[in-house]
Amino acid sequence: MGQGRQGSGVPLPEQWGELPGTAGRQTRGNAGASGLEARRAEVPRGAARPRTIGVVAPFLSGAFWGPTLIGIHEAAQQRGHRTLVLRGTPSEVQAPSLAREQVDGWIVIIEYGGLEAFVRAGVPLITLGARPADIACPAVLPDNHGGIRNAVRHLIEHGHRRIAFVGNFDAYDVRERRDAYKDTLAEAGIPVDPDLVIPCDNNMYSGGRDAAPALLARLPACTAAVFGTDKNALGMMSELKAAGVRIPEDLAIIGFDDVVEAQSADPPLTTVRQRFEMMGSAACDLMASMIAGEDFPPEGVRTTNALIQRSSCGCNVIQNFLDAEDAAPEEDAGGVLARQMVELLMLPRPLPPDTPPTAVWPAVTRVIEMYFSVLRGTAPAPAAELERAYRQAVDITLDLGALLATARLLGQLPERRRAPLDAAARRRLEDFLELARLAIARVRLEAETRYVQQLGVLARTNYEVSFALLGGTEQEYRSLSWLETTTVVWSCLALWEDPAARTELVVAGAYSRDGSPVPPDGSRCRREAFPPAEMLPPSATDGTYMVMLLPIRSARRDWGILALVGPAIVAMTGDEGTVAIWGTLLGAALERDALLESLSGQHADLQKAFAIERALSETVRELGCPLIPLLPGVLLVPLIGMIDGGRAQQVLEKVAEGVSRHEALFVLLDLTGVPFVDAQVAHTLGMTSRAAAMLGARVYLVGVRPDIAQSLVGVDLGALATFSSLSAALRELAPAGERARKARRGAR
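This report concerns the structure included in the present document. The shown structure was predicted, so the numbers you read here are calculated from the model rather than taken from an experiment.

1. What about the nonpolar core?
Item 1. Membership of the largest hydrophobic core comes to 51 residues, with the highest contact counts inside it found for Ile 107, Ile 109, Leu 128, Val 140, Trp 482, Leu 562 and Leu 586.
Item 2. When sequence neighbours within four positions are dropped, the list of residues in contact with Trp 482 reads Val 465, Ala 468, Leu 469, Glu 476, Tyr 477, Leu 562, Trp 582 and Leu 586.
Item 3. Counting residues in hydrophobic clusters, the runner-up holds 50 residues, among them Leu 185, Phe 227, Met 237 and Ala 262.

Listed below in structure tokens is the structure:
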């Protein structure tokens, strides 16, 4: 989670720095008081709802977001308050409307789209990480100016004069850092070169990588660079090394944040360490003062930071420390040595004079006792006990160089005290130092193993959740049974009754691991009252666990809200954003089933339409070649419209069938309504005539116009005869028809 995890929160003024020009200025915390009192009046009498700090954050995990949320939550726990976190921007989650009846004051982190709604509602409001330009409210910010000032001055002390600044200037805090860079150069009498102010597209690794060509073009005249974020610096370092740039020999680099990767970079990255948990704790304390009506700084607070010197700027802090420290006097060797060992682990922060080393590393005195026992030859060092002692040291820092430096300090002590050892003592010392280094390696490996195991658990959890959401049934994922593989103890899925209005939620599923009651499926809840306070588990009501509201969206729809309560939800997510992945997968599952339902409905409609079309086709087929017994022995077949090859074949089949069924002697094919007859159709008509002749009937064409006659010239129509009109055909065939009728009657 980054170096922000080090140390716990410190009470209010020590933890907060002062804003320039605000020393001693205080105001009564009445911002948004009327809105707060109005919301308190909405809570039913007898409902013992704890004070709740609402947090709106676009992300829940990562080097900044995770520790910040943890800092807010831990500070709220200490005060007996509850934490409710909404993932998204204010406009995306409809804050402060969503959960309005649950929250007493809001902390909005970084993204401020829709912040005007808080102002209109008159609710207590703090921003964290940036200060909006057009809204007046307290802000909790890092000391960007002081941190960058220390970084630039450090590079100037190394002799650098051509110093670049690289960062994403769309970010408020990076703009503050850029301005501090310019101010510090000006204070040192160094002109600011605009060509050395290099923009990045974002605050991440890719932003640094993409900006590398611009910085490479300014080498070798530029000899040092300060970066707006560590991830920008780390992303660019890989590109610089690939281009043959030596760090720090050709270019000294300093970042800002002190993310975990800064320690293990090659070379380790010098950076300005922010304590993100301190920012979260400071924001919580400030909000608690506001909603309690206590005094608070009207402009907000700034949290302190420190320059962490590593190799990327050209420093060797550990060696400098070892070179600067004097040997402990004989009478207080143990006490001085203990302080030096603890300060090695805390570099670059000093151990306060009134703080005993054992308050930071309880087992340090036992390590020193074992060390002196080995030197005197009175007792060997127990390996297991040495490992237990260094297990405490790993809790102070994971920096392997600092851990190994404690062994180097012990190994150099005889020489620094000018007390040479005999061969036996030297051998015992080397054995002890080897044992110490082995203990350090083992406990450091244990820490890495635990981290890898946590990642393994996270990967398995994500796999099982993904499988359940993407491969399970609607009943399975709506019931939230897939949360059994996670640390969540209580959850509720509520979908918008009207996705356009988003005013009321309908419970679609709920889950409870600890037996706490859950709202029944189908129950309704206004967005202002969600999640139902009377249904939340005790672990959420008493502030043990934070309540997290996760919007469920897909590309086409805003589905609703997933409420989650459980331990380590934020702490376990890492940079992968596990909880956000759950929300995305759940939205995809809802979208998939909606599409399947829609497709099923469309399929049924298509089947119905096909049946209608087939019946209509049969009707059209019958109407397309009707057989009309016009006179005894005479069939009339009126043809209308275009006749293609398929319809001509139909005429052939219907005429043959009609002649047989009606014992016809004559068939009149009326072409009056046919606009055109081509050679293929004429050929089929000739075949119709020959088929009828084989059945004892004769076919006549009726209504042949001049244009049709011209198209039939040269076509073999066989015995096919013609009549100019239907009336002419009737005059000619009526007597013959009567004779045929009489003949059939006589035959009976």
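2. As for the sheet that holds strand β12 (residues 270–274)
Item 1. Taken in spatial order, the six strands make up an open sheet running β9-β8-β10-β11-β12-β15, and their pairing is mixed. Among the strands making up the open sheet, the edge pair consists of β9 (197–199) and β15 (305–308). Between one strand axis and the next, the sheet turns by 20° as a mean value, whatever way the strands run.
Item 2. In this structure, strand β10 (residues 224–227) lies alongside strand β11 (residues 252–257), joined through three bridges in parallel fashion. In the sheet register, Val 226 faces β11, and the bridge partner there is Ile 254.
Item 3. Running at roughly 165° to β11, helix α5 (residues 144–157) makes contact with β8 (163–167), β10, β11, β12 and β15 of the sheet.

3. Some remarks on the packing of aromatic side chains
Item 1. Applying the stated rule across the entire model yields 13 aromatic pairs.
Item 2. Aromatic side chains Phe 64 and Trp 65 sit 5.0 Å apart centroid to centroid with 80° between the ring planes, which places their arrangement in the edge-to-face category.
Item 3. Relative to Phe 169, the ring of Phe 165 has its centre 6.2 Å away and its plane inclined at 15°; by these criteria the two rings are stacked. The burial state of Phe 165 is the same as that of Phe 169; both residues are buried.
Item 4. Here the aromatic residues Phe 59, Phe 64, Trp 65 and Phe 276 are joined through ring pairs into a cluster of three or more.
Item 5. Note that Arg 177 overlies the ring of Phe 256, its terminal NZ or CZ placed 3.7 Å from the centroid.
Item 6. Against the face of Phe 169 rests Arg 178, its NZ or CZ located 5.0 Å from the ring centre.

4. Quick notes on empty space enclosed by the protein
Item 1. Considering all chains together, one arrives at one cavity of 30 Å³ or more under this definition.
Item 2. When its volume is computed, the largest cavity comes out at roughly 30 Å³.
Item 3. In terms of lining, the largest cavity is formed by Glu 92, Val 93, Gln 94, Trp 496, Arg 502, Pro 551, Arg 553, Asp 558 and Ile 561.
Item 4. The set of elements that each furnish at least two residues to the lining of the largest cavity consists of β19 (547–553) and β20 (558–565).
Item 5. Residues that form the lining of the largest cavity fall into these classes: four nonpolar, one polar and four charged.

5. Here we look at a negative patch on the surface
Item 1. On the surface, Asp 170, Asp 201, Asp 210 and Glu 239 cluster together into a negatively charged patch.
Item 2. Position of Asp 201 relative to the elements: it lies in the loop between β9 and α7 (205–216).

6. Considerations on unusual backbone geometry
Item 1. With an omega of 5°, the peptide bond between Ala 95 and Pro 96 qualifies as cis.
Item 2. When you line up the elements, Pro 96 lands in the loop between β4 (82–87) and β5 (105–109).
Item 3. Here Phe 530 and Pro 531 are connected by a cis peptide whose omega angle stands at 0°.
Item 4. Tracing the chain through its elements places Pro 531 in the loop between β18 (524–526) and α19 (538–541).
Item 5. Its identity is not glycine, yet Ile 110 carries a phi of approximately 65°, on the positive side.
Item 6. Along the chain, the position of Ile 110 falls in the loop between β5 and α4 (116–121).
Item 7. The phi dihedral of Glu 663 falls on the positive side, at around 50°, and the residue is not glycine.
Item 8. Mapped onto the elements, Glu 663 comes out in the loop between α21 (645–662) and β23 (666–673).
Item 9. Taking relative accessible area as the criterion, Glu 663 reaches 51% and is therefore assigned exposed.

Calculation rules
Residues numbered from 1 in each chain as written. Predicted model: local features only at pLDDT ≥ 70, side-chain atom pairs only at ≥ 80, totals over all residues. Heavy atoms only, no water. Core = buried A, V, L, I, M, F, W, Y, C linked by side-chain atoms within 4.5 Å. Buried < 20%, exposed > 50% of the residue type's maximum accessible area, 1.4 Å probe, protein only. Contact = heavy atoms within 4.5 Å. Pairing = 2+ DSSP bridges. Helix = DSSP H or I, 4+ residues; strand = E, 2+ residues; numbered from the N terminus. Axes fitted to C-alpha atoms, helices over the stretch in contact; angles between N-to-C directions. Phe/Tyr/Trp six-rings, centres within 6.5 Å; stacked < 30°, edge-to-face > 60°. Lys NZ or Arg CZ within 6 Å of the ring centre and 35° of its normal. 1 Å grid on protein atoms, 1.4 Å probe; cavity = no way out; pocket = protein on both sides within 12 Å on 5 of 7 lines; lining within 4 Å. Points joined across faces, edges and corners; volume = space filled by probe spheres on them. Nonpolar A, V, L, I, M, F, W, Y, C, P; charged D, E, K, R; others polar. Patch = residues over 30% accessible without salt bridge, like charges linked within 9 Å, V, L, I, M, F, W, Y side chains within 5 Å. Areas by Shrake-Rupley, 256 points an atom, 1.4 Å probe, with all protein chains shown as cover. Salt bridge = Lys/Arg side-chain N within 4 Å of Asp/Glu carboxyl O. Lys, Arg positive; Asp, Glu negative; His and termini not counted. Charge placed at Lys NZ, Arg CZ, Asp CG, Glu CD.

Function cannot be inferred from these measures alone, as they are strictly geometric.
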